[in-house]
Structures are given as C-alpha cells and as structure tokens.
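Survey of secondary and tertiary structure
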Amino acid sequence: MQKHLIVLDLDGTLLKDDKTISTRTYKTLREAKKAGHIIAIATGRPYRASKMYYQQLGLDTPIVNFNGAYVHHPGDTSFKTFHSPLDLKTAQTIIDTCQAFQVNNMMAEVVDDVFLHDYDETFLDMFGLNTEPAASGNLKSVLRSGPTSLLVYPKPETANQLQDLISGKYAQGIEQRSWGAPHHMLEIIRTGNNKATGLEKVAKYCNVSMQDIIAFGDEDNDLEMLSQAGTGVAMGNAAPEAKHAAKDVTFSNEDEGIAVYLEERLNLKSMATFQKD
C-alpha cells in the first residue's frame, strides 16, 4: 500500500460552515491513520486558532500556519521551526499606504501575538480571537519586529485600487491574498511563503515525497498546494481558480467531500451512504 500524507486546509475544507468537523469526516480520517496514512494541517490561520483541530484529530505532524510563513511541530522540539516574517520596513511602508487609503482597520501578527491598529472588539470578534492584543495603536510605531502576517480590512470602494497599488509597488517582497465573503480582507506575507513550500518541510519530516501528498483546499491561498501536491483536490465549494489548479474535485465542505473522496481513493470502510441533495 502506498503511504499518503493527507493535508487539510481548515476553513471551507475540513471545517463545516459552523467551524466543526463532521463525525463522518473525523471517523474517515481516523480510519486513514489506522491504515498507515499520515494527516497534517496547512492553514492561513495562526497556530492558536488551529490548535483545537490539531488536537481533536490527534495529530503528531508539523503544522503549516500563516500560509507557509510559519511551520513548526507542537510535539517535537527536534523539528526545526521555520518562521519567515515580512521585512519590518516593508511592513511599515505598506501600513503608511493603507492609512492613506483610510482602511477600516489593520492587524499584524507576530507568530501568536496580535497587534491591532485600532482597538475594536467587533473586529476582534470577526476573527474569533480569544486573546487580547499584545498592543494596539499605530502599527507603524507599535511593531518592533517584522510581522508574520499583516491583515488589512479595506473600504469596499477602494479595495481593488489598494490591492493593485500594493501588488505593483511591493511585488518583489510580498505575497498578497484576498479573502472572500463574509469578510473581505487583504492578507500580506513575505514573498516565497505559501502552503506548498511549507509542505515540503512537512513531507521531509514524514519521509514522503510531494507526489505522496493528497491535499484538500478551496481558496486562492491553496493554489500552490493544490497544483504541486501529487493529488490536489478542490472542494465542491471551492473558488474557480482552486478547481482549475486541482487534479480532482470532490463534494463541498458541507457535504463531507473529504470523507467521500478518501473512502473511495484509499478503499476505506464507508462511514455513511452519501446522498446528494
């Protein structure tokens, strides 16, 4: 039997819309582990916001956070942690540009520390941040080191203009992603960071190749992972670009697409009879 590294994006992929893992998907992943396959997570979330799912699945692999800008192993100190933050001066200049566009708010994260431009509990609740910011105030002054990730909440009417300006001016130093509904955000990380580069480190630790990876995703931050994995699988609810990058398409996150795909692909015991609505 070929051993696969099964890689899971979280939001819109492993997680249902209510941010839980379905019973069928959980049991299917457990069966996959029993059959000798390996499970890992690759997410845009920080570790503090993905830890609960890592623990729920009983994982013992490195985890890719911040879309590849931070890769570490929660249970193995021998794994060399990878952290590739934005250059501080570049981040400060982007902050100046965003202020000129009078964006709604900005948030910088340095690993698991949160720095908020304007303290706003509604903004914090938007991301389910169960933590108080390490500091709030003008991010240009507050930040003392390069952020792992810079999150910008632009005004809808100027979002595209701001995104184009940042892309053109700082294209050599950053990777920029836009979030879909319900929260239209711009996420900025250091150039060269993406889930695929993060997974190369996970695969090496697990002693498998990129061709051994079955990766599931749904958004544009999954494109490199879906295209470079041996088998990239887009969810039924995925963005068109993700479906184009993937080799296969399964059912949606609400319709337990991961379970359906793995049960057939890995010849696992079926956990349920899938019936399409």
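If you're wondering where the values come from, they're calculated on a predicted model, not measured in any experiment.

So, how was this worked out
Residues numbered from 1 in each chain as written. Predicted model: local features only at pLDDT ≥ 70, side-chain atom pairs only at ≥ 80, totals over all residues. Heavy atoms only, no water. Helix = DSSP H or I, 4+ residues; strand = E, 2+ residues; numbered from the N terminus. Contact = heavy atoms within 4.5 Å. Pairing = 2+ DSSP bridges. Axes fitted to C-alpha atoms, helices over the stretch in contact; angles between N-to-C directions. Left-handed = near helix turned anticlockwise from the far one by under 90°. Nonpolar A, V, L, I, M, F, W, Y, C, P; charged D, E, K, R; others polar. Buried < 20%, exposed > 50% of the residue type's maximum accessible area, 1.4 Å probe, protein only. Lys, Arg positive; Asp, Glu negative; His and termini not counted. Salt bridge = Lys/Arg side-chain N within 4 Å of Asp/Glu carboxyl O. Polar contact = N/O pair within 3.5 Å; in protein donor to acceptor, adjacent residues only side chain to side chain. Phe/Tyr/Trp six-rings, centres within 6.5 Å; stacked < 30°, edge-to-face > 60°. Lys NZ or Arg CZ within 6 Å of the ring centre and 35° of its normal.

**Quick word on the environment of Gln56**
- With respect to the secondary-structure elements, Gln56 resides in helix H3 (residues 51-56).
- Placed 30 residues apart in sequence, Gln56 and Tyr26 show a C-alpha to C-alpha distance of 8.9 Å.
- Beyond its immediate stretch of four places on either side in the chain, Gln56 contacts Ile21 and Tyr26.

**Quick look at the sheet that holds strand S11 (residues 186-190)**
- Taking strand neighbours across the sheet as the criterion, the 6 strands line up as S8-S7-S6-S9-S11-S10 in an open arrangement whose pairing is mixed. The sheet is open, and its two borders are formed by strand S8 (135-136) and strand S10 (174-178), each paired with just one other strand.
- One ladder, built from 3 bridges, connects strand S9 (residues 149-153) with S11; its direction is antiparallel. For Val152, the partnering residue across the bridge sits in S11 and is Leu186.
- Helix H4 (residues 88-100) contacts strand S6 (105-110), S9, S10 and S11 of the sheet and is inclined by roughly 0° relative to S9.

**Thoughts on the packing of helix H2 (residues 23-34) against helix H11 (residues 257-265)**
- At a minimum axis separation of 8 Å, H2 and H11 run at an interaxial angle of 35°. Helix-helix and strand crossings are classified by hand; for H2 and H11 the assignment is left-handed. When H2 is examined against H11, the residues Arg24, Thr25, Thr28 and Leu29 are found in contact with a partner set consisting of Ile258, Ala259, Val260, Leu262 and Glu263.
- Residues of the contact of H2 with H11, tallied by class, amount to 5 nonpolar, 2 polar and 2 charged.

**Focus on the side chain of Asp212**
- With respect to the helices, strands and loops of the structure, Asp212 is situated in the loop between helix H8 (195-206) and strand S12 (213-217).
- Of the buried charged residues, Asp212 lacks a salt bridge, with Lys3 as the closest side chain of opposite charge at 7.9 Å.
- Side-chain polar atoms of Asp212 contact the side chain of Gln2, separated by 3.0 Å.

**Looking at the packing of aromatic side chains**
- Taken as a whole and judged by the stated rule, the model has 3 aromatic pairs.
- Aromatic side chains Phe216 and Tyr261 sit 5.7 Å apart centroid to centroid with 85° between the ring planes, which places their arrangement in the edge-to-face category. With Phe216 in strand S12 and Tyr261 in helix H11, this residue pair connects regions lying 45 residues apart in the sequence. Both residues of the pair, Phe216 and Tyr261, count as buried.
- Directly above the ring of Phe82 sits Lys201, whose terminal nitrogen or CZ lies 4.1 Å from the centroid.

Function-wise, these values are silent; they only describe arrangement.
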